[in-house]
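Residue-level structure breakdown
Listed below are the residues making up each chain.
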Amino acid sequence: MSLITPNYEQSLYSLACGISNFLGVKRDCSSMNISGNRIVLALLDGFGWSTMRKAGIEVKEARKIHTVFPSTTATVISTLFTAMTPGEHGILGFNTYSMRLGGIVNAMRYTYPAVKERDSIKDSLSFSTAFPSLQSYLKEVNDVKTASVIPKGLEDVEFTGVTHGYVSETKTYIDFWDAFFNLEQTLQKDFKFIYFYIPDIDSLSHKYGPYSEVTLKATRDIFENLYNIAKKHTEFTFLITADHGHMTTTETILLDQIPELINKLEIPPYGDSRAVFLRTRNDIHDYLYTKFDSIRVFKKNEIPSLLGKVNDEKILPDYIMVPTDGRAYIYLFKEKDEYYKLVGHHGGLTPDEFEIPLITVNG
Ligand SMILES: [Zn+2]
């Protein structure tokens, strides 16, 4: 399967620059043009272009754009609310590297990968001290009211705080019906920008696969509800998009069980199951190609083009290994982790993962 070369000019990054611009915050980036007076940014987690197509959704307002690399929620949400490339904000994958924190951390949970509790690092060191480059443009918005509508439980986590906790009002919902009820109520008020987030397509894609009946049914239900609301509220431009798509898992390879590889590395592999970040002082380029089938290995000098603009070279790994087939590469930090059982994965560069819709309603 051929891999995508990220086009940051037509991606969630340029969309983020457009939104930042729309809200009156200047960022040094080339932005997508956004028309209208008020906007709703609806992020349907895991709603890839091919999931949309397989669900039978065909709307004239849809166009195909790219996400950013690695194609995973932590990286994408960071880009979406900072208008910075992954290479600038430095949240690179589900598990990312932080010199300040002494190694590998899970940014969304703000904890070490072997630790179960969320935000376990928070009391010792704030997220903004650990990742100082991540600066949300929402923090700089003046004289304009903004809101978010997100699942209950996400409102008080550290990662939400630093990315979109700066909105004027955060509303939470308890289930599918409440999500749309809450959104409609929020649309009645005087907000200029509303962020609406739904996680379900992603969780179903992980559990049952992106093209399973239940995932496609959920995709249709969620999209129809949202699209109908958008059509009713012409005073808003609706930007319906996704953070990434999904790849159906054909095989799971447990990297922690390959000592031959682990012994060549300075720290465990990190990043994502489909974007394996490797730090080593050894030249392992040829080794990786002989050890694993259907992969593409990116050397350090090729990595900036994947991550967009890079400010600090220290955030770069020495190699990134990306599968060209459906294999997922997992390093289990926890003994009882069930992560390896997932039948859908993302993070990589296949079209299924990297191509996402941008559906502009009333724009
Ligand atoms: Zn996911």
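What you see is a predicted model; the values in this text were computed from it and never measured. (Residues numbered from 1 in each chain as written. Predicted model: local features only at pLDDT ≥ 70, side-chain atom pairs only at ≥ 80, totals over all residues.)

1. Examining the overall build of the protein
Quick note on the threshold: Numbered from the N terminus, helices here are DSSP runs of H or I no shorter than four residues, and strands are runs of E no shorter than two. Field definition: a residue is buried when 20 or more other C-beta atoms are found within 10 Å of its C-beta, exposed when 12 or fewer are, and partly exposed for counts in between, with C-beta atoms placed from the backbone. We call two residues in contact when their backbone-placed C-beta atoms lie within 7 Å.
In terms of regular secondary structure, the protein is built from 13 helices and 17 strands. The principal-axis extents of the C-alpha atoms in the protein amount to approximately 60 × 45 × 35 Å. A burial count over the protein gives 48% of its 363 residues as buried. Sequence separation of at least 24 residues holds for 73% of the intrachain contacts in the protein that already meet a minimum separation of 6.

2. Considerations on the environment of Pro70
Position of Pro70 relative to the elements: it lies in the loop between β2 (62-66) and α3 (73-82). For the pair Pro70 and Pro268, spaced 198 residues apart in sequence, the C-alpha to C-alpha distance is 17 Å.

3. Structural notes on the sheet that holds strand β17 (residues 355-361)
Counted only if it meets this: Any two strands with at least two DSSP bridges between them are considered paired. The axes used here are C-alpha line fits, helices contributing only the stretch in contact, and every angle between their N-to-C directions lies in the interval 0 to 180 degrees.
Reading across the sheet, the 7 strands line up as β2-β17-β8-β1-β7-β5-β6 and stay open at both edges, with mixed pairing between neighbours. Strand pairing shows two members of the sheet lacking a second neighbour, β2 and β6 (169-173), which therefore form its edges. Going across the sheet, the axis of each strand differs from the next one's by a mean of 20°, ignoring polarity. Where strand β8 (residues 237-241) lies against β17, 3 bridges are found, and the strand directions are antiparallel. Of the residues in β17, the one forming a bridge with Phe238 is Val361.

4. Quick look at the domain arrangement of the protein
We apply this condition: Domain start and end points were adopted from an automatic or database domain assignment. Here the nonpolar group is Ala, Val, Leu, Ile, Met, Phe, Trp, Tyr, Cys and Pro; Asp, Glu, Lys and Arg are the charged ones; every other residue, Gly included, is treated as polar.
Here the domain parsing of the protein yields domain 1 (8-247 + 348-361) and domain 2 (249-343). Each of domain 1 and domain 2 has a C-alpha centre, and these two points are 25 Å apart. Every contact between the two is made by 30 residues of domain 1 and, on the other side, 24 residues of domain 2. Breaking the side of domain 1 that touches domain 2 down by element, the ones donating at least two residues are α4 (86-89), β3 (95-98), β4 (103-106) and α8 (200-208). Residues belonging to the side of domain 1 that touches domain 2 are distributed by class as follows: 16 nonpolar, 12 polar and 2 charged.

5. Digging into the nonpolar core
Let me state the cut-off plainly: In these notes, a nonpolar core means any group of buried Ala, Val, Leu, Ile, Met, Phe, Trp, Tyr and Cys residues linked to one another through C-beta atoms within 7 Å.
Formed by 100 residues in total, the largest nonpolar core has its most connected members in Val40, Ala42, Leu44 and Ile320. Two domains each put at least three residues into this core: domain 1 (8-247 + 348-361) and domain 2 (249-343). Sequence-distant contacts of Ala42, defined by excluding residues within four places in its chain, comprise Phe196, Leu226, Phe238, Leu239 and Ile240.

6. Quick look at unusual backbone geometry
In most cases, non-glycine residues show a negative phi, while peptide bonds are predominantly trans. Here the residue pair Phe69 and Pro70 is connected by a cis peptide bond, since its omega of -10° sits within 30 degrees of zero. Even without a glycine there, the phi angle at Ala83 is positive, about 55°. Looking at the element boundaries, Ala83 is found in the loop between α3 and α4. With 26 C-beta atoms counted inside 10 Å, the residue Ala83 sits in the buried group. The backbone phi angle of Asn362 is positive, close to 70°, even though this residue is not glycine. Inspection of the secondary structure assignment puts Asn362 in the segment after β17.

7. Focus: helix α1 (residues 12-22)
An α-helix turns once per 3.6 residues; consequently, residues spaced three or four apart project the same way. Summarising burial for α1: 10 of the 11 residues are buried, a large majority. Those residues of α1 not exposed but buried are Leu12, Tyr13, Ser14, Leu15, Ala16, Cys17, Gly18, Ile19, Ser20 and Phe22. Here the buried face of α1 lies against β1 (39-44), α3, β8 and β17. Phi for Gly24, located one or two positions after α1, is positive at around 85°.

8. Some points on helix α7 (residues 176-187)
For the record, the criterion: What a helix is expected to span follows from its residue count: subtract one and scale by 1.5 Å. This arc is taken over the directions from the axis of the helix to the C-beta atoms.
Taking 1.5 Å of rise per residue, the 12 residues of α7 would be expected to cover 16 Å, and the 17 Å separating its terminal C-alpha atoms lies within 8% of that figure. Considered for burial, the residues of α7 that qualify are Ala179, Leu183 and Leu187. Here the buried residues of α7 occupy an arc of 65° about the axis, which is enough to place them on one side. Turned more than 90 degrees away from the buried face of α7, the exposed residues are Trp177 and Gln185. Structurally, α7 contributes buried residues whose contacts are with β5 (146-151), β6, β7 (193-198) and α9 (213-232).

9. Notes on the packing of α1 against α3
Heads up, the condition is: Angle categories: roughly parallel below 35 degrees, roughly antiparallel above 145, roughly perpendicular from 65 to 115, and oblique for all the rest.
Between α1 and α3, the least distance of the axes is 7 Å, while the angle of their chain directions is 30°. One finds that α1 runs roughly parallel with respect to α3. Along its contact with α1, which presents Leu12, Tyr13 and Ala16, the element α3 presents Val76, Thr79 and Leu80. Residues that form the contact of α1 with α3 fall into these classes: 5 nonpolar, 1 polar and no charged.

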